[in-house]
Amino acid sequence: MQDIMQTSGNIQAGPIGVFDSGYGGLTILEGMRRALPDYDYLYLGDNARAPYGTRSFDVVYDFTLQAVEELFSRGCHLVILACNTASAKALRSIQQNVLPVKYPDHRVLGVIRPTVEEVGHVSRTGHLGLLATPGTVKSHSYMLEIEKLHPQMKLIETECPMWVPLIETGEAAGPGADYFVRKYIDATMQADPEIDTLLLGCTHYPILLPKIRKFVPSHVKVIAQGDIVGRSLADYLRRHPEMDRKCRRGGSVDYLTTESAETFNKFASLFTGHPVDATRITL
Ligand code: DGL
């Protein structure tokens, strides 16, 4: 007992791990830093294998687990899956099957539940549109959470398979992006004209916001997840002081990518508005 207490007392605090298939999680990281600027963060983008949205359940699970274990091995005790596809396809299995056996003192959290908790308070008509990757839509994770938390709401789910590739290839602001941005918005609004709230259920999509706003009717609100996840993480750390103590404070951010660091730095700085100096790793 004595030994166990000493060991846990000696645990070194580490950065909060933030994982995404590529650049999208940066929109969540920025929201987390707005809510909790004093903490240290370690971001990992699996850019070499993005996009995840069209990959099978098993592959997304394997890739996500590799990334989570990498972040644990680099000192993170808490990892946020800043990716809806990974949250939809891997979070539950990691939480239920991996953590209790291999990492009982570590935690992995996702982005879907906190988003659904908040979205119920935004819509007036109770009609929502979800724009997400094919993987997230096919998992129906949003539908299931909405049925649980806001059963009176109606949800239209639209797959947007072209949006992440546009972002990962640096075409988000290009003129070619307009066609595909408009296509999925129009399809959603036509499926249910009473929709007054569109939820961006993929962490990449805020990068397309200038284009998205151009094609969304003016009375429709567009919800991005960054600040929602930031607020939810702050609340989680308040309720879990034992984990809060394991999250290091220093206000630093380090970036890891599985693709070229040079390319990552270039695009990541465009999306975050500040310089980024990433390190390339292999998983
Ligand atoms: N940013 C991710 C999400 O929130 C993943 C996109 C992808 O890799 O397809 O779903």
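Residues numbered from 1 in each chain as written. Predicted model: local features only at pLDDT ≥ 70, side-chain atom pairs only at ≥ 80, totals over all residues. Heavy atoms only, no water.

A. Focus on the overall build of the protein chain. Counting secondary structure elements, the protein chain contains 14 helices and 10 strands. In terms of overall size, the protein chain behaves like a compact globule, its C-alpha atoms giving a radius of gyration of 19 Å where 283 residues would be expected to give roughly 19 Å. Reported as C-alpha extents along the three principal axes, the dimensions of the protein chain are approximately 65 × 45 × 35 Å. Taking all 283 residues of the protein chain together, the buried fraction comes to 57%. Accessible area for the protein chain stands at about 12,800 Å²; split by element, carbon and sulfur atoms hold 52% of it. Looking at charge distribution, the protein chain has the averaged site of its 29 positive side-chain charges lying 2 Å from that of its 32 negative ones. (Helix = DSSP H or I, 4+ residues; strand = E, 2+ residues; numbered from the N terminus. Rg over C-alpha atoms; globule rule 2.2 N^0.38 Å. Buried < 20%, exposed > 50% of the residue type's maximum accessible area, 1.4 Å probe, protein only. Areas by Shrake-Rupley, 256 points an atom, 1.4 Å probe, with all protein chains shown as cover. Lys, Arg positive; Asp, Glu negative; His and termini not counted. Charge placed at Lys NZ, Arg CZ, Asp CG, Glu CD.)

B. Representation of the side chain of Asp 178. For Asp 178, the position within the fold is in helix α10 (residues 177-191). For Asp 178, a relative accessible area of 17% translates into the label buried. Setting aside residues up to four positions removed in sequence, Asp 178 forms contacts with Lys 211, Lys 214 and Phe 215. (Contact = heavy atoms within 4.5 Å.)

C. Molecular detail of helix α12 (residues 226-239). A rise of 1.5 Å per residue sets the reference length of α12, with its 14 residues, at 20 Å; its end C-alpha atoms lie 20 Å apart and thus fit the reference within 8%. Gly 226, Ile 228, Val 229, Gly 230, Leu 233, Ala 234, Tyr 236 and Leu 237 are the residues of α12 that are buried. (Expected span 1.5 Å × (residues − 1).)

D. Representation of the sheet that holds strand β3 (residues 78-81). Strand order in the open sheet formed by 6 strands is β4-β3-β1-β2-β9-β10, and the pairing between neighbours is parallel. Each of the sheet's edge strands pairs with one partner strand only, and the pair in question is β4 (107-109) and β10 (278-280). Strand-to-strand twist across the sheet, computed as the mean angle between neighbouring axes with direction ignored, equals 20 degrees. With 3 bridges connecting them, β3 and β4 associate as parallel partners. (Pairing = 2+ DSSP bridges. Axes fitted to C-alpha atoms, helices over the stretch in contact; angles between N-to-C directions.)

E. Layout of the pattern of salt bridges. In the structure shown here, the tally under the stated rule is 18 salt bridges. Arg 49 is the partner of Asp 46 in a salt bridge, and the nearest nitrogen-oxygen pair spans 2.7 Å. The exposure class assigned to Asp 46 is buried, which follows from its relative accessible area of 1%. Of the charged contacts in the structure, one is a salt bridge between Asp 235 and Arg 239, with a shortest N-O distance of 3.1 Å. Within this pair, Asp 235 and its partner Arg 239 are both found in helix α12, separated by 4 residues, close to a single helical turn. (Salt bridge = Lys/Arg side-chain N within 4 Å of Asp/Glu carboxyl O.)

F. Seen up close, the packing of helix α2 (residues 25-35) against α12. The N-to-C vectors of α2 and α12 enclose an angle of 45 degrees; their axes lie 7 Å apart at closest approach. In terms of their interaxial angle, α2 and α12 are classed as oblique. Here the hand of the crossing between α2 and α12 comes out right-handed. Residue-level inspection shows Thr 27, Ile 28, Gly 31, Met 32, Arg 34 and Ala 35 of α2 in contact with α12, the latter providing Gly 226, Asp 227, Val 229, Gly 230, Arg 231 and Leu 233. (Parallel < 35°, antiparallel > 145°, perpendicular 65-115°, else oblique. Left-handed = near helix turned anticlockwise from the far one by under 90°.)

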